[in-house]
Each structure stands twice: as structure tokens, then as C-alpha cells.
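# Analysis of the macromolecular model
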Amino acid sequence: MQAFAWVFLLFIAKDIIMILGSVILIALGTRPVAAEFWGKLATFAFYTVMVVIIGFGPEIGAISMYYPQYTIPETFMFVLVVIAVVLTFVAFFSYIPSAIKQLKENTKK
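Residues numbered from 1 in each chain as written. Predicted model: local features only at pLDDT ≥ 70, side-chain atom pairs only at ≥ 80, totals over all residues. Heavy atoms only, no water.

The subject of this paragraph is a nonpolar patch on the surface. A cluster of nonpolar side chains, Phe37, Trp38, Phe78, Val79, Val82, Ile83, Val86 and Val90, forms an exposed patch at the surface whose accessible area comes to about 720 Å². At the level of elements, helix H2 (37–56) and helix H3 (74–108) are the ones that each hand at least two residues to the nonpolar patch. Of the residues forming the nonpolar patch, the biggest block, six residues, is contributed by H3. Considering the arrangement of structural elements, one finds Phe37 in helix H2. Relative accessible area serves as the criterion here: at 56%, Phe37 is assigned to the exposed category. (Patch = residues over 30% accessible without salt bridge, like charges linked within 9 Å, V, L, I, M, F, W, Y side chains within 5 Å. Areas by Shrake-Rupley, 256 points an atom, 1.4 Å probe, with all protein chains shown as cover. Salt bridge = Lys/Arg side-chain N within 4 Å of Asp/Glu carboxyl O. Helix = DSSP H or I, 4+ residues; strand = E, 2+ residues; numbered from the N terminus. Buried < 20%, exposed > 50% of the residue type's maximum accessible area, 1.4 Å probe, protein only.)

What follows is the structure, encoded as C-alpha cells:
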């Protein structure tokens, strides 16, 4: 379970970088990059995984605490988290080309 703490730090770091990037784009007079498909998919995956873990995770599951037969195995939980992490970083890197394009267009003006 302690490995998950590092994963959540990655999610937080990614969000901080996205916020700082948006602030920089605004400061330079450019609109922040609009949400894209991968970003929406990653957000959906993240929240779905969190609900599953909070509901059915070993040791912390609100439902599995009262109904232990519904506890999801740690391996399955790990796979879910890895999927959410991969989608999050795919989304993160998918925004970079759009941000660079907007910056280039802004410097031409």
C-alpha cells in the first residue's frame, strides 16, 4: 500500500505542472490548452479507480470492511492504478504539442 503514496504524488505533481503551465500561458497572453480526449479519459479512469479502491480495497474499502468477500485482490488494484497512471501521463504528454503550438503562434503576433 505504501507504493500507492508515491503514485498519488505523481498525480499531484502532474496537476501542479499543468496548473503552472496554464498560468505561464495566460501570463504570455495565450489561452491555456483546451481539454482533450486523453485528458477526459484519464480523469474518468482516475476517479473510477479511486472509487473502486475506496469501496473495495483491502484494509481501506468501505464496502469490503463489512463484506470481506468483495475485497479486490491487491494485484488487481495495482493493475487498475497502473492503467490510471499510464493514461494520466499519456494525457499529460498529449497537451505538450498544443501548448508549444500556441506559444509559437503567440510569439508570431
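Still more ground to cover, so stick around.
Moving on, we get to the environment of Thr75. Here Thr75 lies in helix H3. Overall, the relative accessible area of 60% leaves Thr75 in the exposed class. Sequence separation of Thr75 and Leu25 is 50 residues, and the distance between their C-alpha atoms is 40 Å.

Using the criterion set out here, one finds six aromatic pairs in the structure. Residues Phe37 and Trp38 carry aromatic rings whose centres are separated by 5.3 Å and whose planes lie at 75 degrees to one another, so their mutual orientation is edge-to-face. Classification of Trp38 as partly exposed rests on a relative accessible area of 36%. Linked through ring pairs, Phe8, Phe11, Phe46 and Tyr47 together constitute an aromatic cluster. (Phe/Tyr/Trp six-rings, centres within 6.5 Å; stacked < 30°, edge-to-face > 60°.)

A few words now on the confidence of the model for the chain. Looking at the chain, the pLDDT average stands at 87 and 94% of residues meet or exceed 70. Between the elements of the chain, mean pLDDT differs from a low of 83, seen in helix H1 (residues 2–27), to a high of 93, seen in H2. (pLDDT = per-residue confidence, 0-100.)

Turning our eyes to something else, we now look at the side chain of Thr30. Tracing the chain through its elements places Thr30 in the loop between H1 and H2. What makes Thr30 buried here is its relative accessible area of 9%. If sequence neighbours within four positions are ignored, Thr30 has contacts with Leu25, Gln102 and Asn106. (Contact = heavy atoms within 4.5 Å.)

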